[in-house]
Amino acid sequence: MKERGMIFNAEMVRAILDGRKTQTRRPVKFPLIDKNMGCELAGNELAGELAAGNYWNSPFGKPGDRIWVRETFRVMGCATDVARLMYKASERSSFTESARTVPVSSCTKQPSQKWTPSIHMPRWASRILLEITNVRVERLQDISHQDAVVEGMPPSHPSIDAVSKGLGYPDFPRSAFAQIWQSIYGAESWQVNPWVWVIEFKRVDGGQRDLS
């Protein structure tokens with residue numbers, strides 16, 4: 001079993017904490033060279049490998065591996081073996097929910113009013129641990145209604161669906177996902193319909209233990 005860090009924005013962190021998000025999608029980066037054969041893989045070939053249970057070309061690991069969530073945070077206080085942290089995704093929640101004291105072997109970060117970007121979060125500061133339950137690839141627009149919901153999107157509503165379809169988007173959960181995808185990867189990224197990694201997961205114990 002391996003652990004890897006993965007960045008999630010504040011909205012998606014809240015969805016994980018609420019139990020609404022159990023999937024995430026990330027672009028497949030081409031060219032992708034097969035680690036076994038040394039040749040370049042097409043998207044459908046990669047899909048076939050994963051469907052057969054071969055995960056050696058997955059940069060995110062395989063079922064049973066774990067992901068620790070990297071999110072924006074700041075250090076409120078620091079001692080020799082403990083740190084008091086606050087998390088951007090929970091800053092509008094109660095102080096008890098947004099701040100926590102965690103054990104650290106050596107706290108080198110100084111207290112600051114500035115937020116530390118998620119990309120710079122160390123493992124010891126992460127409060128959320130996920131276990132991968134499935135990995136596959138598919139075209140971006142193949143996302144189903146239900147998959148959009150477990151990506152953390154709001155459920156469907158007939159009146160909103162009508163507006164979404166009138167604007168050229170699919171049903172509301174999928175259109176909400178499409179708009180979030182475009183906000184991250186660019187205005188044309190949905191229309192291009194790239195191959196994407198689909199990582200399914202469940203939340204498990206193993207994030208930092210709260211000492212507060």
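Look above for the structure.
Let us look at the structure shown here. Worth saying up front: this structure is predicted, and the values here are computed from it rather than measured.

**Quick notes on unusual backbone geometry**
Then, in step 1: A cis amide bond links Phe30 with the next residue in sequence, Pro31, at an omega value of 0°.
Then, in step 2: Mapped onto the elements of the fold, Pro31 is located in the loop between strand 2 (23-27) and strand 3 (32-33).
Then, in step 3: A positive phi angle, close to 55°, is found at Asn193, a residue other than glycine.
Then, in step 4: Taking relative accessible area as the criterion, Asn193 reaches 18% and is therefore assigned buried.

**Let's talk about the nonpolar core**
Then, in step 1: Of all hydrophobic cores here, the largest spans 36 residues; its most connected members are Phe8, Leu46, Leu130 and Trp197.
Then, in step 2: Secondary-structure elements contributing two or more residues to this core are helix 1 (10-17), helix 2 (43-51), strand 5 (66-70), strand 9 (129-139), helix 6 (172-185) and strand 10 (195-204).
Then, in step 3: If near-sequence neighbours (up to four positions away) are discounted, Phe8 is found in contact with Val13, Ile16, Lys21, Thr24, Arg26, Val69, Arg70, Glu71 and Leu130.
Then, in step 4: Ranked by size, the runner-up nonpolar core spans 12 residues in total, among them Trp68, Val75, Val102 and Ala125.

**Considerations on helix 1**
Then, in step 1: Along helix 1, the positions that sit buried rather than exposed are Met12, Val13, Ala15 and Ile16. Down the axis of helix 1, the sector holding all buried residues measures 160°, keeping them to one side.
Then, in step 2: Residues of helix 1 that are buried sit in contact with strand 5, strand 9, helix 6 and strand 10.
Then, in step 3: With its phi angle positive at about 80°, Gly19 sits one or two positions after the end of helix 1.

**Side note on the pairing of strand 10**
Then, in step 1: Across the 10 residues that make up strand 10, a large majority, eight, are buried.
Then, in step 2: Sheet topology note: the strand 2/strand 10 ladder contains five bridges and is antiparallel. Each bridged residue has a counterpart across the sheet, and for Arg25 the counterpart in strand 10 is Val198.

**Overview of the environment of Ile180**
Then, in step 1: Examined against the element boundaries, Ile180 turns out to sit in helix 6.
Then, in step 2: Separated by 27 residues in sequence, Ile180 and Met153 have C-alpha atoms that sit 9.5 Å apart.
Then, in step 3: Those residues in contact with Ile180 that sit more than four places away from it in its chain are Glu11, Met12 and Met153.

**Some words on the sheet that holds strand 9**
Then, in step 1: Pairing is mixed in the open sheet, where five strands are placed in the order 1-5-9-10-2. Of all the strands in the sheet, just strand 1 (3-7) and strand 2 have a single pairing partner and so form its edges. Neighbour-to-neighbour, the strand axes of this sheet turn through a mean angle of 45°, independent of strand direction.
Then, in step 2: Relative to strand 2, helix 6 is tilted by about 40°, and along the sheet it contacts strand 2 and strand 10.

The rules behind these values
- Residues numbered from 1 in each chain as written.
- Predicted model: local features only at pLDDT ≥ 70, side-chain atom pairs only at ≥ 80, totals over all residues.
- Heavy atoms only, no water.
- Helix = DSSP H or I, 4+ residues; strand = E, 2+ residues; numbered from the N terminus.
- Buried < 20%, exposed > 50% of the residue type's maximum accessible area, 1.4 Å probe, protein only.
- Core = buried A, V, L, I, M, F, W, Y, C linked by side-chain atoms within 4.5 Å.
- Contact = heavy atoms within 4.5 Å.
- Arc of directions from axis to C-beta.
- Pairing = 2+ DSSP bridges.
- Axes fitted to C-alpha atoms, helices over the stretch in contact; angles between N-to-C directions.

Shape is all these values report; function is a separate question.
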